[in-house]
Number of protein chains: 4
Amino acid sequence: MKAVRLQTYHRRPVIEEVPEPTVSGPFDVVVKIGGAGVCRTDLHIIEEQWAEKSGVTLPYTIGHENAGWVHEVGSAVTNVAVGDTVILHPTPTCGLCPACRAGNDMHCSDNAFPGIDSDGGMAEYLLTSARACIKLDPQTQPADVAALADAGITAYHAVRKAVPLLPPGTVCVVNGAGGLGHIGIQSLAALTATTIVVVDRNPEALVLAEQLGADHTVLADGKQVDAVLDLTDGNGAEVVLDFVAEQGAQQDAFAMTRRYGSHFVIGYGSNIDIPTIDIISTERSVIGNLVGTYNDLVELMVLAEAGKVTLHTKKYPLDAALDALADLDAGRVRGRAILTP
Amino acid sequence: MKAVRLQTYHRRPVIEEVPEPTVSGPFDVVVKIGGAGVCRTDLHIIEEQWAEKSGVTLPYTIGHENAGWVHEVGSAVTNVAVGDTVILHPTPTCGLCPACRAGNDMHCSDNAFPGIDSDGGMAEYLLTSARACIKLDPQTQPADVAALADAGITAYHAVRKAVPLLPPGTVCVVNGAGGLGHIGIQSLAALTATTIVVVDRNPEALVLAEQLGADHTVLADGKQVDAVLDLTDGNGAEVVLDFVAEQGAQQDAFAMTRRYGSHFVIGYGSNIDIPTIDIISTERSVIGNLVGTYNDLVELMVLAEAGKVTLHTKKYPLDAALDALADLDAGRVRGRAILTP
Amino acid sequence: MKAVRLQTYHRRPVIEEVPEPTVSGPFDVVVKIGGAGVCRTDLHIIEEQWAEKSGVTLPYTIGHENAGWVHEVGSAVTNVAVGDTVILHPTPTCGLCPACRAGNDMHCSDNAFPGIDSDGGMAEYLLTSARACIKLDPQTQPADVAALADAGITAYHAVRKAVPLLPPGTVCVVNGAGGLGHIGIQSLAALTATTIVVVDRNPEALVLAEQLGADHTVLADGKQVDAVLDLTDGNGAEVVLDFVAEQGAQQDAFAMTRRYGSHFVIGYGSNIDIPTIDIISTERSVIGNLVGTYNDLVELMVLAEAGKVTLHTKKYPLDAALDALADLDAGRVRGRAILTP
Amino acid sequence: MKAVRLQTYHRRPVIEEVPEPTVSGPFDVVVKIGGAGVCRTDLHIIEEQWAEKSGVTLPYTIGHENAGWVHEVGSAVTNVAVGDTVILHPTPTCGLCPACRAGNDMHCSDNAFPGIDSDGGMAEYLLTSARACIKLDPQTQPADVAALADAGITAYHAVRKAVPLLPPGTVCVVNGAGGLGHIGIQSLAALTATTIVVVDRNPEALVLAEQLGADHTVLADGKQVDAVLDLTDGNGAEVVLDFVAEQGAQQDAFAMTRRYGSHFVIGYGSNIDIPTIDIISTERSVIGNLVGTYNDLVELMVLAEAGKVTLHTKKYPLDAALDALADLDAGRVRGRAILTP
């Protein structure tokens, strides 16, 4: 089959023929890919940012945001059958460690992250496990929902954690209205009655944000911290969802956070550097966020099927994978780029 | 009356005569001080670290950790009467703002912090409000419990927030076993069955820590991060209570924190500087902590009266206040220095 | 001034002249009533159901759901001023007991409940306290929002407690779509993405329920338990909000509750009688609910001002109070009857 | 092998030869039983109380509280190996349904409950699954800990749910200090600093309760409700853990519960019958409890290995199973009867 393979860091991946994966363990599942999302993390992988953390050996197939149809199942698989339409939780998990037993799938002590530390989904077929599969309505087109498998679950997971902090009368800043941010806005609107303030450097992104549920928008023109303080009587926001967290945005995001508030870090790239006296004198917190649980993705699919979360996607055939990566890198993608192998 | 007054930053306070405070508002309470704690924050105030944040005008009376006996009450005070033994929550509050209405006293939008931003308790009498008073058993000696009014409540508040994260089988690191840390250890032992690991650079403090409930102790000799990782199968601790947060301890504390764990900042002094990729790839959080609620102090007094939290104190007459400050600065105080006016 | 006074149990109240209330304590507030809701509890008071619990001495003025304008304030009142438009939390509270200090106003150990255990608001003026006042936009008409002061806060409080149990994919049954239920439906729609199933014996109420956000409606024709089970694959609902809780509805509500689910009792009237083996073998719970906190009412006013919760009211002059009570008793009121003194 | 088989309801079980179980599925595990607890539920099963709920077909082997050594494992089992010492979570679960994915094992939509709805552990060998096995220190004697597998987990689960309601200054009533209650007392003492009040009709049980951590004991002589109210200034307890819930104890337990408090039903037998006006006017709740999660049992084993929870057991060989059942029925067992096959 064809697959998008990274052979050398800092060079473009190559589309080449590799053997199709097959089931070996009783819980293995092979999925025929219908949609594979193209993510900024793919660019970071190519740039070698993840090399040490993932420990992956090159060459390998990238693509960590996948949906498709079940193609083959192991002997003990009961939750899906050949032909089922599925979206895949990004981490096949053991189901037996303390994290799995508590529902914190992404902290499984034995997890794999296909597309990051093993062969991923920018290919015709992907090997995963029964525990990663969420069965969908057969009418669903995998390419339409694939972006929920990583961008979606990540934004939703952060919103879900923030909901208890966001009763009516509070303010939530969405810092960055790109691929993740626009799912975050819709999730906030579906799950809370908080006042949503969206900050972005792109005026077009702010127009879309308003259509998706933003109550206020702020152009990130250098005065965005003051603008958020002005909107909140000088107090800042109870929660800032920071989908950027690089190039100074992470410092701004903390500065926009109210006394006793929480700065949720979701994007990444730069360091955050804060005087501890500022942390304790205001009791502010910096909250890490990583992908999401299997149940987070199940809930997000409920919102998607109800039309409460919609996606803007741009589709490319598998052969055009390098164009998709280049378009993403150049800022030419509105919403999410999806390969359709 | 005599009071310990700061007249000039970076110079020693002066003990001088000032008028006694009197009640004017219906909820005012004047307390005859029985014990006033001496805190590292007093040193930081003298060093001008709090000048901008507090906005206080010199000269003023320091002392923000107080207990004593009610001396005079305003016309509408119903919860205490003249002669009652009381410990004082550090912030007289309005009782009407959203934070007060939710029980988050220390985030009152109209709070005062006597001893930090207005006249404090290193004096014969202190003006406070009915809402700051907790009535104690008349047998209690104020000087014996005064240290709970700030050091105690601050340590307890952080522990109380951490309790849901610390079921049996988890590990909690106490980073720093000084005045606050030794209350933190006892509070953890009273409220959880977590494994308590105490880190300090002072071997004597570690001996005391073991007596108070530490399961393991680690000397902070430069290899403390590795030592904590060794004790936790390389994982780190679910919670690190960082009572130091300066001179690199804050970086160590984050490094000791487990995937999906929380680094509670309670001490202060230096900046914390972390790559956002480390925050998100492990979903770790940095949690701010500030003093505590009125109900936190009520609960801590229950533990104290049951003998589950005990204090090591060294008492000084009011006239020896400068000796107490000098002893604290020079590391000559075991436990907490208390003035007994 | 004129007031609606209950002189004898089981007889109609009388409209008569009584002295206007005046402030005496420093936190007293006298409010000129702009709207006083008429509630089923007023009928129950007349029927002597509350006599023992309230301990009230007849005659007294009923009316426990009030909004208006501040008319006179005590010497220490700072949060409202004469002329302010206010809605009143139903229980003036002490602000000092453990419940108040935790924000649980309705469990104040020293609370009063005007209109139930002391003179209420079916009159030209009402004596309350500063702590009960929520200042509103001066444009707000008190008669338009008065029903939120008791019916609204009670429904909202229950919904607010249920929110953590109602992520996407769950089902919430609203049992009874009357005065409280229709606020409950709107609050659920504003704060969750749960599937809302409304049960009522009145087909018109179900039509209104759909307009307000119900996803499914079920006529309570004797087969409502089966109908809810059919809608939920035989499982029942994660949460049943039981606004009726009398005449068998309370038994049905428990039967509609899913394994590991919660039956919220909000209405009252009959006994609930359940085999303990049914409680433990399914781990279902029965959750009591009482009015709500001050902050609950603040949040509800945010939803109301944003147009997310709207009220259907029928207004009567104070002189027509007995007509309003009669109309309510006879089922002739759509939404809530409001007196406008 | 020998097994204790129920052949006819209302008649004594029979010890007879049956085939040994063997693994068939990839996750199957056969355990050689080292200890099988004898529980009041076994008597209720014989009395036909569970016939309809369990749907089990007679004859079958009872025994739902088991520990032992792994004897044979399926092809995909990775978490335990032949020879490992294990305690068994009572319900082998699917690991794939929403409840399993959230860590609520006992609500697995596909669970089995060996000893209740299928062959249990009063036998030489038991068939279970990998997901039910908790690996123990090889030094542990299964017969010493088997009682934690059902009695223990059930008491611990209820305590664990109650912990957030039990900060210092609160009161928790343990209603019934038998097999479950005495684990409940120890779990409360390990996880909270609440005041523990134990109620039992047996004076000897109260003596043991004091040794295990009770702060006060109350003889259930008909005046126990008043005694609890006297101990709590007339208020009742924040939490009542009702390990009896039959023959009127369930009504007493609710009456001992404070305003805004929670009555946890853990035992069973009779109906609970409460006026809904009592539920709503005090906002009290009745909380169902069922066994516990896998992680609950893991945590409890941590407490047991630390010596914080100890068990009183009386051991019988498998051949004496009928004696054990008779002793339990006659009240001749202190602590828990354990078969050692």
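Residues numbered from 1 in each chain as written. Chains lettered and ligands numbered in written order. Predicted model: local features only at pLDDT ≥ 70, side-chain atom pairs only at ≥ 80, totals over all residues. Heavy atoms only, no water.

1. Side note on the relation of the copies chain D and chain A
Its rotation angle being 180 degrees, the transformation that places chain D on chain A also includes 0.0 Å of axial translation and leaves an RMSD of 0.0 Å. Taken together, the rotation and translation describe the operation of a two-fold axis. Relative to the rotation axis, the C-alpha of G103 of chain D is the closest in chain D, positioned 2.7 Å from it. A symmetric contact is evident, with 100% of the interface residues of chain D recurring at the interface of chain A. (Least-squares fit on C-alpha atoms with pLDDT ≥ 70 in both. Contact = heavy atoms within 4.5 Å.)

2. Digging into the domain arrangement of chain A
All names here are of chain A. Its domain assignment divides chain A into domain 1 (2–150 + 291–340) and domain 2 (155–288). The C-alpha-based centres of domain 1 and domain 2 are spaced at 28 Å. At the interface, 21 residues of domain 1 touch 14 residues of domain 2. Taking both partners together, domain 1 and domain 2 bury about 1,500 Å²; carbon and sulfur atoms supply 56% of that area. Among the residues domain 1 hides against domain 2, the three largest losses belong to D296, E299 and R334. Together they make up 26% of the total. There are one salt bridge connecting domain 1 and domain 2. A salt bridge links R160 to E299; the shortest N-O distance between them is 2.6 Å. Joining domain 1 to domain 2, the criterion identifies six residue pairs in polar contact (both at pLDDT 80 or more). (Domains from an automatic or database assignment. Buried area = accessible area lost by both parts, 1.4 Å probe. Salt bridge = Lys/Arg side-chain N within 4 Å of Asp/Glu carboxyl O. Polar contact = N/O pair within 3.5 Å; in protein donor to acceptor, adjacent residues only side chain to side chain.)

3. Digging into the relation of the copies chain B and chain A
The two copies are related by a screw motion: chain B maps onto chain A through a turn of 180 degrees and a shift of 0.0 Å along the axis, at an RMSD of 0.0 Å. Both copies contact each other with a shared surface, as 100% of the interface residues of chain B are interface residues in chain A too.

4. Topic: the interface of chain D and chain A
Contacts between the two partners involve 17 residues from chain D and, on the opposite side, 17 residues from chain A. Of the roughly 1,400 Å² buried at the junction of chain D and chain A (both faces included), carbon and sulfur atoms supply 52%. Taken together, chain D and chain A are joined by two salt bridges. D105 of chain D is the partner of R101 of chain A in a salt bridge, and the nearest nitrogen-oxygen pair spans 2.9 Å.

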